[in-house]
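The primary structure of each chain is shown beneath.
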Amino acid sequence: FSPAALVGDFEPDVLISRLSPDGAHRWTKTFRVPGEQNAPNLLATADGGAVLLVNATVAGWRSIVLVRLDPAGGVLWSRAVTGGADFGLGMAGAPGGGFVVAGASSAWCNGTLDWVLLRFDAEGALQRYWLFGGEGNDFDVHVAAVAGGFLVAGGSGSFSPTGLDLVLLRYD
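To keep things clear, this report deals only with the structure shown in the data block. This one's a predicted model, so the numbers in the text were calculated from it and none came from an experiment.

1. Some details on the overall build of the chain
Helix and strand counts for the chain come out as zero helices and 14 strands. Along the chain, from the amino end to the carboxyl end, the secondary structure elements read β-β-β-β-β-β-β-β-β-β-β-β-β-β. Expressed as a percentage of contacts within the chain between residues at least 6 apart in sequence, the contacts between residues at least 24 apart total 34%. For the chain, the exposed area adds up to about 8,100 Å²; of that, 56% sits on carbon and sulfur atoms.

Rendered as structure tokens:
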């Protein structure tokens, strides 16, 4: 996948198209995902495929769903992470393979929503998670792999009396 990929929400499906570097259409696929959904992020993989990040309703819970695609858009696997009102916003490749998803969760939190950073291996198995937050709403939006860890940016309503603050954290 190159930067020339389109991702959209067309309820009840998620639509993805692959374009050539000159913008010519290669293929379009739709994926049926349960309930309401959106697909905020797509990560290219070293083999020419991609991992699609989808927020969906699974078994009545708001969940993070990962769909691994081959270079032709075929589904290799899909995984759901659920436990409350979970949603992912940012995604990045992880050093040594796999990837990380940044978002928010009500499942393991101190307040209404807390930051959650999830690390997955290349097959989509959850390896580790980190939480950050307090009594207010906290959510991370962007994540980047840096030497020795991850840099995450988001918002926090837990530590300021005046409202939402921008927060930048480094995870090792």
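2. Overview of the sheet that holds strand β6 (residues 61-69)
Spatially, the four strands line up as an open sheet ordered β4-β5-β6-β7, and their pairing is antiparallel. Looking at the sheet topology across the chains shown, the edges are occupied by β4 (37-44) and β7 (75-81). Here the average twist between neighbouring strands, direction ignored, is 20°.

3. Examining the layout of surface pockets
If you add up the space inside the largest pocket, you get close to 210 Å³. Along the walls of the largest pocket sit 14 residues, with Thr45, Arg68, Gly98, Phe99 and Ala122 positioned nearest its centre.

4. A short note on the environment of arginine 26
Within the secondary structure, arginine 26 is located in strand β3 (residues 25-32). Exposure remark for arginine 26: the relative accessible area of 46% places this residue in the partly exposed category. Note: C-alpha distance between arginine 26 and alanine 72 (46 residues apart in sequence) is 8.9 Å. Not counting the four nearest positions on each side in its chain, arginine 26 is found in contact with Arg18, Leu19, Ser20 and Pro21.

The rules we used
- Residues numbered from 1 in each chain as written.
- Predicted model: local features only at pLDDT ≥ 70, side-chain atom pairs only at ≥ 80, totals over all residues.
- Heavy atoms only, no water.
- Helix = DSSP H or I, 4+ residues; strand = E, 2+ residues; numbered from the N terminus.
- Contact = heavy atoms within 4.5 Å.
- Areas by Shrake-Rupley, 256 points an atom, 1.4 Å probe, with all protein chains shown as cover.
- Pairing = 2+ DSSP bridges.
- Axes fitted to C-alpha atoms, helices over the stretch in contact; angles between N-to-C directions.
- 1 Å grid on protein atoms, 1.4 Å probe; cavity = no way out; pocket = protein on both sides within 12 Å on 5 of 7 lines; lining within 4 Å.
- Points joined across faces, edges and corners; volume = space filled by probe spheres on them.
- Buried < 20%, exposed > 50% of the residue type's maximum accessible area, 1.4 Å probe, protein only.

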